[in-house]
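Chain by chain, the residues run as shown.
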Amino acid sequence: MRLWRAVVAVSLALLTALVCGLAGASATAATAPPAPPGTLTGIAQLPAAQWPTGAAMGIRVTYTSTGVGGVPTTVTGRVFLPSFTAPAGGFPVLSYTHPTTGLGDSCAPSVNPLDPEEGTVLGDWLQQGYAVVATDYAGLGGPGVHPYLDGSVEAYGAIDIVRAMRRLAPGLFAARWAVAGLSQGGHAAMFTANLAAQYAPELDFRGAVAAAPPSGLTPIFSRLTPQTTILPGLTPLLAYILAGIEAANPSFDLNSYLSPLGTSLVTDAQTLCLDAMVARTQGIAMGQLLGKPLDSQFGQVMGPIFDVPTTGYPRPVFIAQSVTDEVVPEFLTNQLVSSLQAAGQPVTYQTYPSATHSQTELVSMPDAIAFLRPLLATP
């Protein structure tokens, strides 16, 4: 292992020098077109405390991707290598899509301590012999506000970080890859599975794992009124959703639906990370954010951004759901799976009897690992 760590250290030094050289070259070419999606533009060592168990290397990267409206953007993320010698052709790649952390730059996982549950999950994937890449998503560590639950933008970030590492070091990162995530990350994993083959055909996408993916949100949220008092624990998520819609569709007149309190909370949602946002909305019902009922026009804007596609999955998808999930109700995921099955999509569905929302990924890991292993085994 010591020899492998030394090899990784040399590789990191070479990667850093190469990226710095690329950055210097681009700086002298002011008239050059924007770098294509999946171009690595920055690299730095992560503190060892932010490495999951079993990582031989942990770095923070900056790369180009596709943002809102197809506009090029810059995204940050993390990259970890397992403590094994790289096989011929490189490690299979697991693109990890993280759950909700917030919308502001300070909420990006790459600039925060490693969440213990996430550290366990990432360590499990590393133990399988996969290189793990983990996007922060556009707007978290990059320009603009994070367009929360904009599925396509989430997916582009998850795909382009694979592209970036594959292009830079094909000896370490294989072309074959998969995606896995929880909650917002499960939502991102579904969109990634839907878009990967057409967005990055040069890569070899093999499959997806989505734990507790939010779905079926538009019919629910487009019926909220100022009198809505149910599910008060979801008020911070509603504030994030509203701020995400505003970021994803700046021309939409969101303020016309908001109360003065709602306007204030949506502004706060652009910077407050999840724990702070939960505290900020304590005792506030979802309806208090609204000055008038949400309606079909709101739904027409929200749907294309948020709704998980139910067709167009060329590779297998595994969906995990707790029957006692307090954030993503089981009936919504049941509806999603039924629609996928009716459309003949390659979906495997497994429920778990007694896990919280955040525990769904942990309890489903043995099944997720078993699902992806044969898909990623063959070069």
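The shown structure was predicted, so the numbers you read here are calculated from the model rather than taken from an experiment.

### A short note on the environment of Leu 336
Inference 1: Relative to the assigned elements, Leu 336 resides in helix α10 (residues 330-342).
Inference 2: The class of Leu 336 is buried, set by a relative accessible area of 6%.
Inference 3: Expressed as a C-alpha distance, the spacing of Leu 336 and Thr 310, which sit 26 residues apart in the sequence, is 7.3 Å.

### Overview of the sheet that holds strand β9 (residues 347-352)
Inference 1: Taken together, the nine strands give an open sheet; going across it, the order is β1-β2-β3-β5-β4-β6-β7-β8-β9, and neighbouring strands pair in mixed fashion. Single-partner strands in this sheet number two, and they are β1 (40-45) and β9. Ignoring which end each strand starts from, the neighbouring axes of this sheet average 20° apart.
Inference 2: Running over the sheet, helix α4 (residues 184-199) touches β2 (55-66), β4 (91-97), β6 (173-182), β7 (204-211) and β8 (317-322) and is turned about 145° from β6.

### Focus on the pairing of β9
Inference 1: Relative to β9, β8 is paired through six bridges, and the arrangement is parallel. In the sheet register, Phe 318 faces β9, and the bridge partner there is Thr 348.
Inference 2: Between the parallel elements β8 and β9, the chain passes through α10 in a crossover that is right-handed.

### Brief notes about the packing of aromatic side chains
Inference 1: As enumerated under the stated definition, the model contains eight aromatic pairs in all.
Inference 2: Between Phe 252 and Phe 298 the ring centres are 6.2 Å apart and the planes differ by 55°, which places this aromatic pair in the tilted class. Linking Phe 252 in the loop between α6 (235-248) and α7 (260-269) with Phe 298 in helix α9 (residues 296-306), this pair joins segments that are 46 residues apart in sequence.
Inference 3: For Phe 298, a relative accessible area of 1% puts it in the buried group.
Inference 4: Cluster of aromatic residues (ring-pair linked, three or more members): Phe 252, Tyr 257 and Phe 298.

### Focus on the nonpolar core
Inference 1: Val 61, Phe 173, Trp 177 and Ile 319 are the most contacted members of the largest nonpolar core, which has 48 residues in total.
Inference 2: Take this core: its biggest share by element is nine residues, from helix α3 (residues 151-168).
Inference 3: Dropping the residues within four chain positions of it, Val 61 is found in contact with Leu 40, Gly 42, Ile 43, Val 75, Thr 76, Gly 77, Val 79, Ile 161 and Met 165.
Inference 4: Counting residues in each nonpolar core, the second largest holds 33 residues, with Phe 221, Leu 224, Ala 269 and Ile 305 among its members.

What counts, and at which threshold
- Residues numbered from 1 in each chain as written.
- Predicted model: local features only at pLDDT ≥ 70, side-chain atom pairs only at ≥ 80, totals over all residues.
- Heavy atoms only, no water.
- Helix = DSSP H or I, 4+ residues; strand = E, 2+ residues; numbered from the N terminus.
- Buried < 20%, exposed > 50% of the residue type's maximum accessible area, 1.4 Å probe, protein only.
- Pairing = 2+ DSSP bridges.
- Axes fitted to C-alpha atoms, helices over the stretch in contact; angles between N-to-C directions.
- Contact = heavy atoms within 4.5 Å.
- Right-handed = clockwise from strand over helix to strand, strands pointing away.
- Phe/Tyr/Trp six-rings, centres within 6.5 Å; stacked < 30°, edge-to-face > 60°.
- Core = buried A, V, L, I, M, F, W, Y, C linked by side-chain atoms within 4.5 Å.

Any functional reading would require information that these geometric values do not contain.
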